[in-house]
Every structure is written in structure tokens, then in C-alpha cells.
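# Structural characterization, general
What follows is each chain in one-letter form.
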Amino acid sequence: MKTTITHKITVRFQQENRTISFDVPEGENILHFFEENGEKLPFSCRNGCCTACAVKIISGSIDQSNGIGLSKQMQEKGYGLLCIAKVIGPVSVETQAEDEVYELQFGQYLSSIKNKAGNPFDI
Ligand code: FES
């Protein structure tokens with residue numbers, strides 16, 4: 001008989017001011033597992049591209065090798081995307097405002113762009 005290894009995954013859902021935890025099998029997708037267990041977390045593209053599901057990792061780590069939405073620098077600063085995150089061990093994360101992570105990642109580039117009127121690009 002095969003034994004399933006599980007790890008405690010804790011999400012501090014800041015937008016709803018509550019904390020959710022599950023024991024999740026290793027290798028499972030975090031966003032999908034939470035949804036299948038009745039907990040809808042923020043998402044949009046579901047493909048690791050948009051940052052709507054971005055979290056700050058408080059402790060532990062996740063496998064997010066399938067995502068392209070966060071730069072390596074943002075990943076090294078402790079940000080992750082739950083829609084492509086696979087469980088590799090116990091982890092605690094907190095949800096982020098989507099535009100907060102978007103601004104951190106792209107704001108420096110967009111602030112140097114001017115619109116047709118010559119004004120800074122407003123993000
Ligand atoms: S839902 Fe878009 S990056 Fe996760």
C-alpha cells in the first residue's frame with residue numbers, strides 16, 4: 001500500500017481577514033486543492049502569467065517552476081503564484097493585492113514610458 005505524504009499549507013487570506021490551512025499531498029497544485037476543498041482564493045489566468053494569485057511566502061517553499069508571471073528576482077524576494085505552485089513541503093503564505101505585486105515587478109519599467117500626450121504611463 002502506497003503512503004501519501006502530506007504537508008501543512010497555510011494561507012493567510014488578507015482580503016477576507018482569515019487564515020486557511022489544509023494538509024495537502026506532496027506534488028498537488030495549491031490553488032486547485034484549496035478550490036476542491038471549498039476555499040476560493042484569488043485567481044485570474046490560472047497559468048502563472050497575471051499575478052492575481054500572488055502570495056508572499058512567510059515560511060517554507062513551493063515549486064513554481066511552471067510559472068512565467070514572476071521574475072526570478074521576485075521569486076528570490078519570496079513571492080509566489082498559487083495557481084502554478086506545487087507542494088514540496090510545509091509552507092505558510094499570505095495573499096497580496098494583485099496590483100501591489102504587479103507594481104513591484106513592472107512599475108519601474110512602466111513609469112519610464114510616456115503616453116501619446118507625453119505624460120507618464122499611469123498604472
Ligand atoms: S492566476 Fe494568473 S498568475 Fe496565477
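See the structure printed just above.
The rules we used
- Residues numbered from 1 in each chain as written.
- Predicted model: local features only at pLDDT ≥ 70, side-chain atom pairs only at ≥ 80, totals over all residues.
- Heavy atoms only, no water.
- Helix = DSSP H or I, 4+ residues; strand = E, 2+ residues; numbered from the N terminus.
- Contact = heavy atoms within 4.5 Å.
- Buried < 20%, exposed > 50% of the residue type's maximum accessible area, 1.4 Å probe, protein only.
- Polar contact = N/O pair within 3.5 Å; in protein donor to acceptor, adjacent residues only side chain to side chain.
- Pairing = 2+ DSSP bridges.
- Axes fitted to C-alpha atoms, helices over the stretch in contact; angles between N-to-C directions.
- Salt bridge = Lys/Arg side-chain N within 4 Å of Asp/Glu carboxyl O.

Here we come to the environment of cysteine 50. Its place among the elements puts cysteine 50 in the loop between helix 1 (30-36) and strand 3 (54-63). Along the primary structure cysteine 50 and glycine 67 are separated by 17 residues, whereas in three dimensions their C-alpha atoms are 9.9 Å apart. Setting aside anything within four residues of it in sequence, one finds cysteine 50 in contact with Ser44, Cys45 and Glu98.

A separate point is the side chain of glutamate 35. Looking at where glutamate 35 falls in the secondary structure, it is placed in helix 1. By relative accessible area, glutamate 35 is classed as buried at 15%. Side chain to side chain, glutamate 35 and arginine 46 meet in a polar contact 2.7 Å long. Among all residues touching glutamate 35, those that are not within four sequence positions of it are Lys40, Phe43 and Arg46.

The next subject is the sheet that holds strand 3. Pairing within the open sheet is mixed, and its 5 strands lie in the order 2-1-5-3-4. Since the sheet does not close on itself, it has two edges, and those belong to strand 2 (18-25) and strand 4 (79-81), each with one partner. Averaged over all neighbouring strand pairs, the angle between strand axes comes to 35°, with direction disregarded. Two elements, strand 3 and strand 5 (residues 86-95), share 7 bridges in a ladder whose sense is antiparallel. Across the sheet, isoleucine 62 pairs through a bridge with valine 87, a residue of strand 5.

Here we take up the pattern of salt bridges. Within the structure shown, the criterion is met by 3 salt bridges. With its nearest N and O atoms 2.8 Å apart, the salt bridge here joins arginine 18 to glutamate 16. The class of glutamate 16 is partly exposed, set by a relative accessible area of 43%. Measuring nitrogen to oxygen at the nearest pair gives 2.8 Å for the salt bridge that ties arginine 18 to glutamate 39. Of the two residues, arginine 18 sits in strand 2 while glutamate 39 sits in the loop between helix 1 and strand 3, which places them 21 residues apart along the sequence. The network of salt bridges with common partners includes Glu16, Arg18 and Glu39.

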